[in-house]
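Here's the letter readout for the chains.
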Amino acid sequence: MAFFRSHILVSVDPVCLEKGAHDIFDTLLDELGKKGLIDEIQVLETSRIGDPETLGPDLMVYPEGVHYVNLTPADIPYMVEEHFLKGRTVDKLLAGESKVAVDEEVAPPKPKEIRIVLRNSLGKIDPLNIEDYIAEDGYAALAKILSEMTPDEVIDTVLKSGLRGRGGAGFPTGKKWQFARNAPGDEKYLICNADEGDPGAFMNRRVLESDPHSVVEGMIIAAYAIGAGQGYVYCRAEYPDAVRTLKVAIEQAREFGLLGQNILGSDFSFELEVRMGAGAFVCGEETALMASIEGQRGQPRPRPPFPAVKGLWGKPTNINNVETYANVAQIILNGADWYASIGTADSKGTKTFALAGDVKNTGLIEVPFGTTLREIVYDIGGGIKNDKALKAIQTGGPMGGCIPASQVDLPVDYKALTEAGSIMGSGGLVVMDEDTCMVDIARFFMDFIQDESCGKCVPCRIGTRRMLEILTRICDGKGEDGDIERLEALCYEVGTASLCGLGQGAPNPVLSTIKHFRDEYEAHIYEKRCPAKTCRALINFVILEDVCTGCTVCARNCPVNAISGERRLAHHIDPDICIRCGICAQVCNYNAIEIQ
Amino acid sequence: MTVGTIASDKARQVAQEVCQQHGATRDELIPILSDINRQLGYLPAEALDEISTQLKIPKSQVLSAASFYSMLSTQPRGRHVIKFCESAPCHVQGGREVWLALQDQLQLKSGETSPDDRWTLETTSCLGQCADGPVILVDEDIYLNVTPDQLSGILAKYK
Ligand SMILES: Cc1cc2nc3c(=O)[nH]c(=O)nc-3n(C[C@H](O)[C@H](O)[C@H](O)COP(=O)(O)O)c2cc1C
Ligand code: SF4
Ligand code: SF4
Ligand code: FES
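Notes on the structure follow. (Residues numbered from 1 in each chain as written. Chains lettered and ligands numbered in written order. Predicted model: local features only at pLDDT ≥ 70, side-chain atom pairs only at ≥ 80, totals over all residues. Heavy atoms only, no water.)

1. Quick look at the interface of chain B and chain A
Link 1 in the chain: Across the contact, 28 residues belong to chain B and 33 residues belong to chain A.
Link 2 in the chain: Summing both partners gives a buried area of about 2,400 Å² for chain B against chain A, and 52% of it is carried by carbon and sulfur.
Link 3 in the chain: Linking chain B with chain A are 2 salt bridges, by the criterion used here.
Link 4 in the chain: We note a salt bridge from Glu-28 of chain B to Arg-275 of chain A, for which the minimum N-O separation is 3.0 Å. (Contact = heavy atoms within 4.5 Å. Buried area = accessible area lost by both parts, 1.4 Å probe. Salt bridge = Lys/Arg side-chain N within 4 Å of Asp/Glu carboxyl O.)

Okay, structure coming up:
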């Protein structure tokens, strides 16, 4: 694939055309050619961008998201020179109110990234216009398999590519398709899991909102491979925009003969519908999700039987994650070898992550497997905020684990993360600095898990509540000798006796923090001390008498009047009244207030 | 959205209409419940009753599904439902301050409905908008990058 550093989208809406959009387009190509930029910058036509009556002819430059308006061919040489050679935005050509739009979710790719799933996520195409997607080789993979490949050949290609499921467990996708294809029965179903419930993760939402057809196309190809006639996208109700975009995409695909009866004139038929969740994290688990589509409580069922044999309404069903499907068309178009050449021996291709926490650049990234945590945190993430020290990296969402800073050179793939006591999960990646209390983190995730347990299994329902009680007690300074051992025993019970991945994964945040940060647990329990100075019950705000100037700022800002002292004399905090809000330490100009 | 409890004939009528729209089959149960919940603000007992008749499934199963999902409510709610994202990424971006201010301005705690039926305050887990947190959802309108001082302006839009 060619990689362009920028894309220029020229609006060729009828009004813009009348106002000379084609001249703009041609002048642009000439000018880029003259300046030797033609291989770096791609010029494309698009439908309307701004209001053509008042702003046309106009164009959009990505990834910057700069919108130049009311252009004449005479503007172009200057614009190309300034914007693309000197890297300066030409203010006089900008639309009045819309200066540079900053995208808080995805930045232009950094050098260590490869964007396959997110390739169209930076506004390169209009998600509501199927023709934009088609112009970017969209549905070419579908046309190719329908005319040239048998279902078995499709499965073979996906197998060889090494693609593994991106929804959490990393099961080889080609193998899953093979099971569903070989399962007896004429009626088969295909599901896309868009329930993305991990807090902080929004990779799937971004793909659905910016490039819905990449998922639709992947699903149609999968349906052809396994022989499914009906498909569902199960999207969480918290994503109304994604649902809306997806419905438009499906409608347009149907109009273009890409869904429905006899797709592209072949004898293959497939229907696709969107289903919305109703607010239950556990519905992301595949068997709970199918129960929910059937109109039941979204509670997991025992496996086996696996969905491939007995899934939706008891029929063979294939279920994959949004990101898994979004890879498929690219694999068909570029070949299994191309895909398998990216990544590590264990894990092929790329993975999207939602980078969050104490890192300078947060947002969505996409890296080849094998990229190290160090490269992700420092080269792409820009390092730790306020130049603090890295303490740990949490991957895998609520049922994931914490990897200590000492393992920052770990290459990210399914195997390495599992060996380090965490999981790949769906792509949450939270960076934690030295001020993070690991017991508090374990407590936080257990709170989430306990809340979302569907209650079907006793160990999961009761065990997670017990673990939360113990963790809360430790953070409150009431930890007892034996609590760590009690937690470990509960972890074993809950992890082995629960039905679904929620209960089975519940121990991860606890076990991984005990494994790598046992001394922190011990400090809380035996010394009643929180080394990160986070747990409120275990810290005291103290005014250093020799530093305090008696300026009274702290006393005036304390919400509970815990601070006393005469003007110009050292002040004092009453620990029994203090609620440990930390405001005084923030407002003191002399750094006289210390956490002990 | 609507005030207080719903008259039982209205509940039945809405339930009937929605069942017809979706087709009265078992697999439409969750979409049907979600739709009625959206129209009436909650799921009155009569509506559940009507669904059970229309879909020919036991009432216990309808109730079992209705009580499972956090977005469905079997209790009356205020005219406007405010959902506050309580997940970690929002929390650390100033969500804590917004949450305290919100409870303070509404004089409500999570799960409560105001005496004049104007507001119900709820928390939700991550809405996937973490890059622009803190996030609150009022009915179906989403507000991003919320700060405590914006709250009164946002709340004033809903009567
Ligand atoms: C509690 C729980 C929540 C899950 N949530 C999701 C989710 O939001 N999205 C997802 O794709 N998979 C989720 N999974 C994993 C699915 O069960 C399933 O493995 C996945 O959809 C398979 O797709 P893949 O092979 O493409 O990864 C979850 C699993 C568990 C146990
Ligand atoms: S492990 Fe927990 S969430 Fe999963 S089925 Fe059992 S009780 Fe429900
Ligand atoms: S930490 Fe808060 S409550 Fe305690 S003394 Fe400082 S300002 Fe007052
Ligand atoms: S944490 Fe609030 S939207 Fe994700």
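So much for the structure itself; the text now carries on.
2. Details of the pattern of salt bridges
Side-chain pairs of opposite charge can arise whenever the charged atoms involved come near each other.
Residues and elements named next belong to chain A.
Link 1 in the chain: Here the structure, examined in full by the defined rule, presents 46 salt bridges over all chains.
Link 2 in the chain: Among the ionic pairs, Asp-241 bridges to Arg-244, the shortest N-O distance being 2.9 Å. You can see Asp-241 and its partner Arg-244 sitting in helix α11 (residues 240-255), 3 residues apart, about one turn around the helix.
Link 3 in the chain: Among the ionic pairs, Arg-518 bridges to Glu-485, the shortest N-O distance being 3.5 Å. In this pair, Arg-518 is assigned in helix α21 (residues 507-526) and Glu-485 in helix α19 (residues 483-497), connecting sequence segments 33 residues apart. (Helix = DSSP H or I, 4+ residues; strand = E, 2+ residues; numbered from the N terminus.)

3. Some remarks on the nonpolar core
Link 1 in the chain: Counting 73 residues, the largest nonpolar core has Leu-487, Val-510 and Tyr-521 of chain A together with Leu-33, Ile-36 and Ile-51 of chain B as its most contacted members.
Link 2 in the chain: Among the elements that line this core, the one with the most residues is helix α18 (residues 458-475) of chain A, at 7 residues.
Link 3 in the chain: When neighbours within four sequence positions are excluded, Ile-51 of chain B is seen to be in contact with Ala-15, Cys-19, Leu-29, Ile-32, Leu-33, Ile-36, Lys-56 and Val-62 of chain B. (Core = buried A, V, L, I, M, F, W, Y, C linked by side-chain atoms within 4.5 Å. Buried < 20%, exposed > 50% of the residue type's maximum accessible area, 1.4 Å probe, protein only.)

4. As for the site of ligand 1
Residue and element names in this part refer to chain A.
Link 1 in the chain: In the vicinity of ligand 1 there are 20 residues, among which Gly-167, Lys-176, Asn-193, Asn-321 and Thr-324 approach most closely.
Link 2 in the chain: Contact between ligand 1 and Lys-176: an oxygen atom at 2.7 Å from a side-chain N or O atom of the residue.
Link 3 in the chain: A distance of 3.3 Å separates a nitrogen atom of ligand 1 from a polar atom in the backbone of Gly-284.
Link 4 in the chain: When isolated, ligand 1 has an accessible area of 610 Å², and the protein chains bury 91% of it.
Link 5 in the chain: Placement of ligand 1 is best described as lying within the second largest pocket.
Link 6 in the chain: With 3 residues, the single largest contributor to the shell around ligand 1 is strand β8 (residues 317-321).
Link 7 in the chain: Residues of the shell around ligand 1, tallied by class, amount to 4 nonpolar, 10 polar and 6 charged. (Near = heavy atom within 4 Å. Polar contact = N/O pair within 3.5 Å; in protein donor to acceptor, adjacent residues only side chain to side chain. Areas by Shrake-Rupley, 256 points an atom, 1.4 Å probe, with all protein chains shown as cover. 1 Å grid on protein atoms, 1.4 Å probe; cavity = no way out; pocket = protein on both sides within 12 Å on 5 of 7 lines; lining within 4 Å. Sits in = over half its atoms within 2 Å of the grid points. Nonpolar A, V, L, I, M, F, W, Y, C, P; charged D, E, K, R; others polar.)

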